[in-house]
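Coordinates in review
Spelled out, the chains give:
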Amino acid sequence: TATLLFDGSSESVSLYLDGLFSGSDNSVGASSLAAHGGDVGIGGMLVGSRFEASVVGGDGFYFDGNIGEITQFDRALTAPELIDLHTHFSDEWLA
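The structure reproduced in this document is the subject of the present report. All figures in this text were calculated on a predicted structure; none of them were measured in a lab. (Residues numbered from 1 in each chain as written. Predicted model: local features only at pLDDT ≥ 70, side-chain atom pairs only at ≥ 80, totals over all residues. Heavy atoms only, no water.)

1. A word on helix α1 (residues 79–93)
Definition in use: Runs of H or I in DSSP of at least four residues are treated as helices and runs of E of at least two as strands, each being numbered from the N terminus. Take the number of residues in a helix, subtract one, and multiply by 1.5 Å to get its expected span. Only protein chains enter the accessibility calculation, which uses a 1.4 Å probe; a residue is then buried when its area is under 20% of its type maximum, exposed when over 50%, and partly exposed in between. This arc is taken over the directions from the axis of the helix to the C-beta atoms.
With 15 residues, α1 ought to run about 21 Å at 1.5 Å a step, and its terminal C-alpha atoms sit 21 Å apart, in line with that. Those residues of α1 not exposed but buried are Leu82, Leu85, His86, Phe89 and Ser90. Taken around the axis of α1, the buried residues stretch over an arc of 130 degrees, which confines them to a single face. In this structure, α1 carries Pro80, Asp84 and Asp91 as exposed residues pointing more than 90 degrees from its buried face.

Following this line, the structure appears as structure tokens:
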């Protein structure tokens, strides 16, 4: 499983693979995230998608795989919470 964690307070992004910390980037910053009023797409890119430079993209680039579950929280999770989440999803989807 892969977990991408954006912490708005520290403006950092961290990656966890199979519940283990893989790396982080503290140079992301909230200003890098293009604001928009549209829907959020997961698994592909729709016409009008925006990127860090606010460049409009095309259509396509669809994810070729399975997405078992998506969760969104209104705060950054702690490392123990991420491990618990990984364990929960592994038990649910990989058992």
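After presenting the structure, the write-up continues.
2. Overview of the environment of leucine 5
Here is the rule we go by: Note on definitions: a residue-residue contact is assigned when non-hydrogen atoms from the two residues lie within 4.5 Å.
By secondary structure assignment, the location of leucine 5 is in strand β1 (residues 2–7). By relative accessible area, leucine 5 is classed as buried at 14%. When the C-alpha positions of leucine 5 and alanine 76 are compared, they lie 6.9 Å apart, and in sequence the two are 71 residues distant. Each residue touching leucine 5, except ones within four places of it in the same chain, is listed here: Ser12, Val13, Ser14, Tyr16, Ala76, Leu77 and Leu82.

3. Details of the sheet that holds strand β3 (residues 20–25)
What counts here: Pairing between two strands requires that DSSP report at least two bridges joining them. Where helices are involved, their axes are fitted lines through C-alpha atoms of the stretch in contact, as for all axes, and angles between N-to-C directions lie from 0 to 180°.
The sheet built from 3 strands is open, its strands ordered β1-β2-β3 with antiparallel pairing. In the strand order of this sheet, the two ends are held by β1 and β3, each with one partner. Taking each pair of neighbouring strands and ignoring which way they run, the sheet shows an average axis angle of 20 degrees. Taken together, the 6 bridges between β1 and strand β2 (residues 12–17) define a ladder with antiparallel strand orientation. Looking across to β2, one finds that leucine 4 is bridged to leucine 15.

4. Re the pattern of salt bridges
This is how the line gets drawn: We count a salt bridge whenever a side-chain nitrogen from Lys or Arg sits within 4 Å of a carboxyl oxygen from Asp or Glu.
Applying the stated criterion across every chain yields a total of 1 salt bridge. Among the ionic pairs, arginine 75 bridges to glutamate 81, the shortest N-O distance being 2.8 Å. On the basis of relative accessibility, which here comes to 44%, the residue arginine 75 falls in the partly exposed class. Since its relative accessible area comes to 27%, glutamate 81 is described here as partly exposed.

Taken by themselves, the reported measurements are silent on function.
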